[in-house]
Amino acid sequence: MRLSKGVKLQTTDGQVDTLVVENDLAMARISLFGGHVLSYIPHSDARDRLWMSGNAILDGSKAIRGGIPICWPWFGDHPSGNFPAHGYVRTQQWQVVGCEDQSIGTIVKLKPESALGAGLDGELDLLLTITVGEVLTLELTTTNIGANALAFGAALHSYFDIEDIGLTELRGLNGEFLDKTESYASKVTPEVYLFQKETDNVHLSPVTHTVIHTPKFDVDVESMGHDSIVVWNPWIEKSTAMADMKDDSYRSMLCVEAAITQGKTLAAGEQHSLIQTIQ
Ligand code: TA6
């Protein structure tokens with residue numbers, strides 16, 4: 001595994017191997033299990049932008065709760081219902097295919113052991129490019145290497161760290177969303193987007209810039225290549241039901257996800273990138 005000066009491999013018995021990325025601008029930790037960014041801390045304010053569950057399972061037996069899970073090549077439940085939710089690459093080992101220290105930050109390129117898997121009826125290739133600098137950028141690039149057109153789904157399922165969901169407002173979204181907690185009922189995005197209950201909203205929005213506003217700080221989230229922005233907070237009942245979440249930990253997290261929930265069809269040889277930038 002060829003690493004650059006700003007990237008070190010950290011191995012801990014019984015835990016997934018991680019890359020520790022550190023440069024003049026920021027620090028990040030990336031699990032090679034799942035190609036999963038766990039932490040991103042700009043040196044400018046030393047605040048981790050990402051939330052990790054205190055009960056996250058880090059032995060490689062289950063998708064990691066927190067950070068930025070890579071959902072691919074489908075989002076949510078597989079249409080047949082016979083395959084794992086959010087696809088199969090977030091529970092695969094990934095390999096480093098490139099590392100480079102540049103003035104804008106450290107660029108790490110990762111690929112899953114196999115982009116082909118049960119539930120995918122075709123041949124896709126996948127590359128994740130992570131840039132750790134003054135901002136964190138993830139670019140998830142899908143290429144149709146098969147002979148036929150193929151539809152896929154995906155999400156950069158980012159968990160953001162906030163002080164209190166009750167004091168948090170999400171800004172920038174507008175238009176229609178589908179409320180998964182009410183059988184995907186179509187609703188209109190509220191003027192003031194607050195959180196008082198379980199929230200699982202699929203915004204069919206081309207909006208690119210969203211802001212997670214809290215009393216102490218704002219988190220700017222830019223999304224590109226998406227057909228949806230998914231906003232999720234499990235609230236107390238779902239948190240209590242999830243072994244890898246502490247009962248009250250829903251209060252300190254909010255997911256704002258750049259996603260392809262409606263299916264993106266790639267012609268043979270065509271490529272598409274889903275991008276999220278976090279500031
Ligand atoms: O993105 C929101 C969502 O689809 C929710 O419905 C919930 O299932 C969440 O993802 C987490 O899914 P996971 O499989 O990681 O527990």
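Above this text is the structure in question.
For clarity, every value in this text was computed on a predicted model and none was experimentally measured.

Conventions we followed
- Residues numbered from 1 in each chain as written.
- Predicted model: local features only at pLDDT ≥ 70, side-chain atom pairs only at ≥ 80, totals over all residues.
- Heavy atoms only, no water.
- Salt bridge = Lys/Arg side-chain N within 4 Å of Asp/Glu carboxyl O.
- Helix = DSSP H or I, 4+ residues; strand = E, 2+ residues; numbered from the N terminus.
- Buried < 20%, exposed > 50% of the residue type's maximum accessible area, 1.4 Å probe, protein only.
- Polar contact = N/O pair within 3.5 Å; in protein donor to acceptor, adjacent residues only side chain to side chain.
- Contact = heavy atoms within 4.5 Å.
- Core = buried A, V, L, I, M, F, W, Y, C linked by side-chain atoms within 4.5 Å.
- Pairing = 2+ DSSP bridges.

Colleague: In this structure, what is going on with the pattern of salt bridges? I would like to understand it.
Modeller: Oppositely charged side chains can pair when the atoms bearing their charge come close. All chains considered together, the criterion is met by ten salt bridges. Asp 244 is the salt-bridge partner of Lys 62, the closest N and O atoms lying 2.8 Å from each other. With Lys 62 in the loop between strand 4 (36–42) and strand 5 (70–71) and Asp 244 in the loop between helix 1 (235–241) and strand 19 (253–266), this pair connects stretches of sequence that are 182 residues apart. Assessed through its relative accessible area of 31%, Lys 62 is described here as partly exposed. Among the residues examined, Asp 244 registers a relative accessible area of 2% and is labelled buried.

Colleague: Where do I start with the side chain of Thr 141 in this structure?
Modeller: Along the polypeptide, Thr 141 turns up in strand 9 (residues 136–144). Taking the relative accessible area as the measure of exposure, Thr 141 reaches 9% and is therefore buried. Here Ser 273 takes part through its side chain, which lies 2.8 Å from a polar atom of the side chain of Thr 141. Those residues in contact with Thr 141 that sit more than four places away from it in its chain are Asp 125, Leu 126, Leu 127, Gln 271, His 272 and Ser 273.

Colleague: I'm lost on the nonpolar core in this one. Help?
Modeller: Buried together is how nonpolar side chains tend to be arranged in soluble globular proteins. Counting residues in each nonpolar core, the largest one holds 65 residues, and the members touching the most others are Trp 72 and Leu 110. Here this core gets seven residues from one element, more than from any other, and that element is strand 19. Excluding residues within four positions of it along the chain, Leu 110 makes contact with Leu 19, Ile 30, Leu 32, Gly 35, Trp 94, Gln 95, Val 96, Val 97, Leu 127, Leu 128 and Ile 130.

Colleague: Explain the pairing of strand 19 to me, please; I cannot follow it from the model alone.
Modeller: The pairing of strand 10 (residues 150–156) with strand 19 spans six bridges and is classified as antiparallel. Bridging across to strand 19, Ala 154 finds its partner in Ile 260. Strand direction decides the pairing type here: strand 11 (residues 159–161) and strand 19, joined by three bridges, are antiparallel. Bridging from a neighbouring strand, Tyr 159 pairs with Cys 255 of strand 19. The sheet contact formed by strand 18 (residues 228–233) and strand 19 spans five bridges and is antiparallel. Each residue of the ladder has a partner; that of Val 230, found in strand 19, is Glu 257.

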